[in-house]
Amino acid sequence: KRIANWGIGQAVTKDINENEVRKLADEIGLDREELVKASKKLTRMPEENFEKIIHFLDAMVKQVSLLGLLILQQALLVSKLEKSEEKYSSLINDAVDSLASGIFILDKDFKIVWINKAAEEFFGIDRNKLIGTDNRRAIRKNIKYIFEHPDKFEHTVINTYKNNTYIESFECHILPAENRKERFLVYWSTPIKTGMLKGGRVEYYYDITERKKTEEV
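On a predicted model such as this, the values are computed, not experimentally measured, just so you know.

**Concerning the sheet that holds strand S5 (residues 168-174)**
In space, the five strands of this open sheet follow the order S4-S3-S7-S6-S5, with antiparallel pairing throughout. Looking at strand neighbours, the two that pair on one side only are strand S4 (112-115) and S5, the edges of this open sheet. Direction aside, neighbouring strands of the sheet carry axes that sit 20° apart on average. Where strand S3 (residues 102-106) meets strand S7 (residues 201-207), five bridges bridge the pair, whose relative direction is antiparallel. Across the sheet, the residue bridging to Ile105 is Val202, located in S7. In the packing of helix H9 (residues 209-216) onto the sheet, the strands contacted are S5, strand S6 (183-191) and S7, and the crossing angle to S6 comes to about 130°.

Spelled out as structure tokens, the structure:
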């Protein structure tokens, strides 16, 4: 097998055939013996370890792609919220409710302005009972208990309200119950910096359940 990876780590998974190295040197215009000498200094890596690294890098690429998508969708949503001069009805009904991912929209007092249909389904809640209430109270009383690690969820999310200046992101696991399915989600939230909801936040729950199931196979 030729050199497995010249660009990342310069490692090989099998012994190198010197004749192949010389042939490669001729193809790329390098000194044959110098390339053979250099090839002998390459790190030998078990193929199993190499495959683990490849899987890790593949997962990293997927994660970066997911984060890029979340950033774009969040930016579009926040932009619409900040530019809207009307009360929330038309924007929320047409745009937010049509999204496949769960959305919580909070005002500057962290009261729930809107919960979309996807979030209602994910959490197994009646959104009409929560809209207009303080999300901190809703988390402490009800919402946190649907997650595998309730206290960690509460602590991480509530901290964003105490210092509403940064973007927060983490994975969370919804436990199954009679009124909801088991799901793995990426929580992603960002402050709203201008417009009528300035000082509030948008909380976004992206469903990665299928990806998790694929990784486990």
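Now that the structure has been shown, the text picks up again.
**Details of the confidence of the model for the chain**
Per-residue pLDDT for the chain averages 78, and the proportion of residues at 70 or more is 68%. pLDDT under 50 marks residues 1-9. Its contacts with residues more than four places away, or in other chains, come to 20 contacts.

**Describing the packing of aromatic side chains**
The description of an aromatic ring pair rests on the distance of the ring centres and on the angle between the ring planes. With the rule as written, the count across this model stands at ten aromatic pairs. Considering the side-chain rings of Phe153 and Tyr187, the 6.4 Å spacing of their centres and the 80° angle between planes classify their relative orientation as edge-to-face. One end of the pair, Phe153, is in helix H8 (residues 150-162); the other, Tyr187, is in strand S6, with 34 residues separating them in the sequence. Among the residues examined, Phe153 registers a relative accessible area of 3% and is labelled buried. Using a relative accessible area of 0% as the deciding quantity, one classes Tyr187 as buried. By the ring-pair criterion, three or more aromatic residues cluster together here, those being Phe104, Phe123, Phe147, Phe153, Phe170, Tyr187 and Tyr205. A cation over an aromatic ring shows up here: Arg201 above the ring of Tyr166, its NZ or CZ 6.0 Å from the ring centre.

**Details of the pattern of salt bridges**
Inspection of the entire model under this criterion finds 14 salt bridges. For Asp134, the salt bridge goes to Arg136, with nearest N and O atoms at 2.8 Å. Overall, Arg136 belongs to the partly exposed group, its relative accessible area being 26%. With a shortest N-O distance of 3.3 Å, Glu154 and Arg140 are connected by a salt bridge. A residue pair is termed long-range when its members are at least 10 positions apart, and Glu154 in helix H8 and Arg140 in helix H7 (residues 135-141) qualify at 14 residues. We classify Glu154 as buried; its relative accessible area is 16%. Among the charged side chains, a network of salt bridges with common partners joins Arg140, Lys144, Asp151 and Glu154.

**So, the nonpolar core**
Residues Phe104, Phe123, Ile143, Phe147, Phe153 and Tyr205 are the most contacted members of the largest nonpolar core, which totals 25 residues. When contributions to this core are tallied by element, the ones reaching two or more residues are S3, S4, helix H5 (117-123), H7, H8, S5 and S6. Discounting residues that sit within four places of it in the chain, Ile143 has contacts with Phe104, Phe123, Leu130, Asn135, Ala138 and Phe153. The next biggest cluster of nonpolar side chains, apart from the first, holds ten residues, and it includes Ile103, Trp114, Trp188 and Ile192.

**Section: the side chain of Asn135**
Take Asn135: it is sitting in helix H7. Within polar-contact distance, the side chain of Asn135 engages the side chain of Glu203 at 3.4 Å. Residues within four places of Asn135 in sequence aside, it is in contact with Phe104, Leu106, Phe110, Lys111, Ile112, Ile143, Tyr161 and Glu203.

**A look at H9**
If you check which residues of H9 are buried, you get Thr209, Arg211 and Lys212. Down the axis of H9, the buried set is contained in an arc of 160°. They therefore lie on one face. Projecting away from the buried face of H9 at angles above 90 degrees are the exposed residues Glu210 and Thr214.

Calculation notes
Residues numbered from 1 in each chain as written. Predicted model: local features only at pLDDT ≥ 70, side-chain atom pairs only at ≥ 80, totals over all residues. Heavy atoms only, no water. Pairing = 2+ DSSP bridges. Helix = DSSP H or I, 4+ residues; strand = E, 2+ residues; numbered from the N terminus. Axes fitted to C-alpha atoms, helices over the stretch in contact; angles between N-to-C directions. Contact = heavy atoms within 4.5 Å. pLDDT = per-residue confidence, 0-100. Phe/Tyr/Trp six-rings, centres within 6.5 Å; stacked < 30°, edge-to-face > 60°. Buried < 20%, exposed > 50% of the residue type's maximum accessible area, 1.4 Å probe, protein only. Lys NZ or Arg CZ within 6 Å of the ring centre and 35° of its normal. Salt bridge = Lys/Arg side-chain N within 4 Å of Asp/Glu carboxyl O. Core = buried A, V, L, I, M, F, W, Y, C linked by side-chain atoms within 4.5 Å. Polar contact = N/O pair within 3.5 Å; in protein donor to acceptor, adjacent residues only side chain to side chain. Arc of directions from axis to C-beta.

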